[in-house]
Amino acid sequence: MPLQHIPDAKANVPRDQAFERFKIDRPGKIIFVGHHLTTKSSLRCLIRSISLYGADLEVSPHVAVPANFFLEILGIRDEIGCTVIRREAEKLTVGFNMLIDAEFLHHVVRLSFELSH
């Protein structure tokens, strides 16, 4: 008797859309990675939404953004390694190099909520 194949409902969903997103509209900083991982220059951005997997950022459409960089959320000292997934004008979708910790995500969302109310 053959095994029953049950298709995975999320199999055709891109990874950046498979995780729950939280709207935070929080300022951030894109930190360019230089030679030997030096971080000399940075660029301001607005973090529109965040998930365990990645984030949607808003940056000036006229500024070049490297494929890999560190993201700093203002008010939180940790830097998150990121890779660009896609860019459409000022909207930049990035994936984190590692899934962020659920407690860290909760802290970011809670902090954003507290500051907006």
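Structural notes, computed from the coordinates. Values in this document were obtained by computation on a predicted structure and should not be read as measured data. (Residues numbered from 1 in each chain as written. Predicted model: local features only at pLDDT ≥ 70, side-chain atom pairs only at ≥ 80, totals over all residues. Heavy atoms only, no water.)

**A look at the nonpolar core**
Generally speaking, a soluble globular protein has its nonpolar side chains buried in company with each other.
Then comes step 1: Core analysis: the biggest nonpolar cluster contains 24 residues, and Ile 30, Ile 50, Leu 57 and Phe 69 have the highest contact counts within it.
Then comes step 2: Broken down by secondary-structure element, the contributors of at least two residues to this core are β1 (22–32), β2 (42–50), β3 (54–58), β4 (68–73), β5 (79–88), β6 (91–96) and α2 (102–116).
Then comes step 3: In contact with Leu 57, other than residues within four places in its own chain, are Ile 30, Cys 45, Leu 46, Ile 47, Phe 69, Leu 71, Glu 90, Lys 91, Leu 92 and Val 94. (Core = buried A, V, L, I, M, F, W, Y, C linked by side-chain atoms within 4.5 Å. Buried < 20%, exposed > 50% of the residue type's maximum accessible area, 1.4 Å probe, protein only. Helix = DSSP H or I, 4+ residues; strand = E, 2+ residues; numbered from the N terminus. Contact = heavy atoms within 4.5 Å.)

**Description of the side chain of Asp 56**
Then comes step 1: Locating Asp 56 in the fold gives a position in strand β3.
Then comes step 2: Classification of Asp 56 by relative accessible area gives buried; the value is 12%.
Then comes step 3: At 3.1 Å, the side chain of Asp 56 and the side chain of Thr 93 are in polar contact.
Then comes step 4: Apart from the residues within four sequence positions on either side, Asp 56 is in contact with Arg 21, Leu 46, Ile 47, Arg 48, Ser 49, Lys 91, Leu 92 and Thr 93. (Polar contact = N/O pair within 3.5 Å; in protein donor to acceptor, adjacent residues only side chain to side chain.)

**Concerning the pairing of β3**
Then comes step 1: Counting buried positions along β3 gives 4 out of 5 residues, so the element sits mostly inside the fold.
Then comes step 2: Relative to β3, β2 is paired through 4 bridges, and the arrangement is antiparallel. Each bridged residue has a counterpart across the sheet, and for Ile 50 the counterpart in β3 is Ala 55.
Then comes step 3: With antiparallel pairing between neighbouring strands as the criterion, β2 and β3 make up a hairpin whose turn holds 3 residues. (Pairing = 2+ DSSP bridges.)

By themselves, these figures tell us nothing about what the structure is for.
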